Amino acid sequence: MESMTAERPPVPYPAPPGDVWVAEEAGPDWQPAEAGRKCRALGPGGTAHGAPAAVRQLHGLHRRVWWQFCLQHGEGHWIEDGKVMQWVLKDEPGPQPPES
Ligand SMILES: [Zn+2]
């Protein structure tokens, strides 16, 4: 059973020393997909992937259109609390007090 919430994908690559990956809301060009839309990414053989879309990205300079993608083809984005999230590389904030 696949859940649409809060299953964070792995970070793109290990953070360099001094940096950390932080989950942030993606910019306005990324939104949750419209209900019932299918992933537009092309799979092997050039046929559309066709999986249920989870996120959408705004494309085009003149005619702005939304491209819908499943999480597998969503360039690392995911949905959390109804928002599109992404990993952002940040400077490490320094030593943290131990959590208790
Ligand atoms: Zn897909």
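To be clear, the structure that these remarks concern was listed above.
Heads up: these notes are all about the structure in this document. (Residues numbered from 1 in each chain as written. Predicted model: local features only at pLDDT ≥ 70, side-chain atom pairs only at ≥ 80, totals over all residues.)

Mapped onto the elements, G36 comes out in the loop between β2 (30-32) and β3 (55-59). On the basis of neighbour count, G36 is assigned to the exposed category, with 8 C-beta atoms found within 10 Å. Between the C-alpha atom of G36 and that of A54, which follows or precedes it by 18 residues, the distance is 9.6 Å. (Helix = DSSP H or I, 4+ residues; strand = E, 2+ residues; numbered from the N terminus. Buried ≥ 20, exposed ≤ 12 C-beta atoms within 10 Å, placed from the backbone.)

An order of β2-β3-β4 is seen for the three strands of this open sheet, with the pairing classed as antiparallel. Where the open sheet ends on each side, the last strands, each with one partner, are β2 and β4 (65-69). Averaged over all pairs of adjacent strands, the angle between strand axes in this sheet comes to 35 degrees, irrespective of strand direction. Examined bridge by bridge, β2 and β3 share three bridges and lie antiparallel to one another. Bridging across to β3, P32 finds its partner in V55. (Pairing = 2+ DSSP bridges. Axes fitted to C-alpha atoms, helices over the stretch in contact; angles between N-to-C directions.)

Turning our attention to the environment of P98. Here P98 lies in the segment after β6 (83-91). The exposure class of P98 is exposed, given the 5 C-beta atoms found within 10 Å.

Across five bridges, β3 lies against β4 in antiparallel orientation. Along β4, the bridge assignment pairs V55 with F69. The turn linking β3 back onto β4 is made up of five residues, and G60 within it adopts a positive phi angle of 95 degrees.

Taken together, three strands build an open sheet; the order of strands is β1-β6-β5 and the sheet is antiparallel. Looking at which strands have only one partner, the edges of the open sheet turn out to be β1 (19-25) and β5 (78-80). If you compare each strand with its neighbour and ignore which way they point, the axes differ by 50 degrees on average. Sheet analysis places β5 next to β6, joined by three bridges and oriented antiparallel. Paired with I79 across the strands is V84, a residue of β6.

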